[in-house]
Amino acid sequence: MLFPDQAATMSTPLAKPQIITHIQKSLNYTVFDSKWIPCSARFICLGNFPRGTGVMQIYEVQRGEVQLIKEVEKPKPLKCGTFGATSLQQRHIATGDFDGNLSIWNLEMPGTPVYTVKAHKEIVNCIDGVGGLGMADGAPEIVTGSRDGTVKVWDPRQKDTPVANMEPVEGETKRDCWTVAFGHAFNDEERCVCAGYDNGDIKLFDLRNMRLRWETNIKNGVCCVEFDRKNINMNKLVATSLEGKFHTFDLRTQHPTKGFASVSEKAHKSTIWQVRHLPQNRDIFMTTGGAGNLHLWKYEYPAQRRKKDSDGVDVGVAGSLNLLQNVTLSTQPLNSLDWSPDKQGLCVCSGFDQCVRVLIVTKLNQV
C-alpha cells in the first residue's frame, strides 16, 4: 500500500513529457537534413552517398514502420531543404547542394527540378522559406546562406537573380554563414532574415528597408537560429552554438544601445546543432546535441517584458528557461530535427550515425 505522498512522488516523472523513439531506420548514406512533408504521414531525407553523389529519399510511416516510397540520386550532395515557400497544394521542396545550387523539386516527379539557380560560389549550408504553407503573408521567398559569406533571398517566380543579397563589403573578411531564418512576416510589407556565422556573429536584416537592423556576437560559431514563429510580429529568437550554449532573445523591445534582452543556457556539453520550435506552441522548443541527445525546453515569460532604464528608455526583460525532458538517442551528433506541422508531438530526427528516427513527445499540451 502507498501513502498519498509516496504515490505523488512516484508519479511525478510520468507527469513530465516523454521523448519516445517510435521508429528507427538505418540508412546507407550520410543524412544532412530531414523534413516532414506537410499534410501527410511522409518525410524526406537529404544527404550524400559514399561515392559523392546526392540522395533524396521519401518515406511513409505505415503501421509502426517506415516504407521507402521514392529514392532519387543527384549529381551533388544535398545539404539542406525547406517547404517554407511552397503551397500546401504543391508541397515542393527547395534544396541547397554542395555545389552552390538552389533547386526546387516536385516530389511527384523529382527527376528534374522545377526551378534551379547557381545561388552561391560554394556549398549552400542553410536554407529557409516563407510565404508558403498557408501561413505568413507576402511573396513566397527562399533564403540561402553559404560558405562564400553571402546570404541571398530568392523569389522562385524570378529567374537567376536574387531579390536581396547580403554580403561583406569590399575588404571585409568573408565569414562562413552556417544558418539562416525568416521571421517578422506578419503582413505583406514586413519581413526579416536572421543569419548566424562561424565567428559567432548574428545579424538581423530588415528586408523591407534593406538595412542591417541589429547585430551581436555570442563568441562561438552559430549553428542554428530560429524565430519562434515566422508569421507574427517578432517575439523570440533562439540561437545555438558550438560549445553547448544557446541564447534566447526577446525581440519585442529593442534598446538603442543594448539591443535585445536575452537569457543563455549551457546544456549539451557539445555542439548544439539545431533548435526547432513546436508548431502548436511557440514557447516549447527542442535542441539537438553533438553527443546524440535531445533537450526539450519551455520558455517562461517574466512578469513584465520591458522596463525603463536610467534614461527612461524602454529595455527588454528576459524570461527563464525550463528543461522539460532530455534523452540520449545516439553516440553521434543529431544534426537535424523537424516537427510534424499536423500532429503535435510527432517529429523526425536524423544523425551522423546514418539513422533516421520518428519520435513521439508526449504530454505537450499539459506543460
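Residues numbered from 1 in each chain as written. Predicted model: local features only at pLDDT ≥ 70, side-chain atom pairs only at ≥ 80, totals over all residues. Heavy atoms only, no water.

The chain has the name Dynein axonemal assembly factor 10 in an unreviewed UniProt entry, where Takifugu flavidus is given as its organism. We quote the UniProt Function (unreviewed entry) comment for the chain here in full: "Key assembly factor specifically required for the stability of axonemal dynein heavy chains in cytoplasm." For the record of the chain, the UniProt heading Subcellular location (unreviewed entry) holds the text "Dynein axonemal particle". (UniProt positions renumbered as here; feature names shortened; annotations may be inferred.)

Draft legend 1. Local environment of the state of the cysteines. Across all of its chains, the model carries 0 disulfides by this definition. No disulfide involves Cys45; its sulfur sits 10 Å from the nearest other cysteine sulfur, which is in Cys349. Given a relative accessible area of 0%, Cys45 falls into the buried group. The closest cysteine sulfur to the non-disulfide-bonded Cys126 is located on Cys177, 4.1 Å from its own sulfur. (Disulfide = S-S within 2.5 Å. Buried < 20%, exposed > 50% of the residue type's maximum accessible area, 1.4 Å probe, protein only.)

Draft legend 2. Fine view of the UniProt feature "repeat: WD" (unreviewed entry) in the chain. Mapped onto this structure's residue numbering, the UniProt feature "repeat: WD" (unreviewed entry) falls at residues 142–155. Along residues 142–155 the backbone is 0% helical and 64% strand, and the end-to-end C-alpha distance reaches 6 Å. (Helix = DSSP H or I, 4+ residues; strand = E, 2+ residues; numbered from the N terminus.)

Draft legend 3. Local environment of the packing of aromatic side chains. Counted under the stated rule, the structure contains 11 aromatic pairs. On the basis of an interplanar angle of 80 degrees and a centroid distance of 6.4 Å, the ring pair of Phe32 and Phe352 is categorised as edge-to-face. Of this pair, Phe32 sits in strand S2 (residues 30–36) while Phe352 sits in the loop between strand S29 (346–351) and strand S30 (355–361), and the two are 320 residues apart along the sequence. Note on Phe352: relative accessible area 29%, which makes it partly exposed. Seen from their ring centres, Phe246 and Trp297 are 5.0 Å apart, and the 65 degrees between their planes marks the pair as edge-to-face. Here Phe246 is found in strand S20 (residues 245–255), whereas its partner Trp297 is found in strand S24 (residues 293–300), with 51 residues between them in sequence. Its relative accessible area of 0% is what places Phe246 among the buried residues. Trp297 sits in the buried class, given a relative accessible area of 2%. By the ring-pair criterion, three or more aromatic residues cluster together here, those being Phe32, Phe98, Trp273 and Phe352. The ring centre of Phe49 lies 4.5 Å from the NZ or CZ of Arg51, which sits over that ring. (Phe/Tyr/Trp six-rings, centres within 6.5 Å; stacked < 30°, edge-to-face > 60°. Lys NZ or Arg CZ within 6 Å of the ring centre and 35° of its normal.)

Draft legend 4. Expanded view of the pairing of strand S23 (residues 281–289). Judged by how many residues are buried, S23 sits mostly within the fold: 7 of 9 residues are covered. Looking at chain direction, strand S22 (residues 272–278) and S23 are connected through 6 bridges and run antiparallel. For His277, the partnering residue across the bridge sits in S23 and is Phe285. Hairpin connection between S22 and S23: a loop of 2 residues separates the two successive antiparallel strands. (Pairing = 2+ DSSP bridges.)

Draft legend 5. Spatial organisation of unusual backbone geometry. Backbone geometry places Lys219, a non-glycine residue, at a positive phi of 70 degrees. Within the element layout of this structure, Lys219 appears in the loop between strand S17 (211–217) and strand S18 (222–227). Of note, Gln354 is a non-glycine position whose phi angle comes to about 60 degrees, a positive value. Within the fold, Gln354 resides in the loop between S29 and S30. We classify Gln354 as partly exposed; its relative accessible area is 27%.

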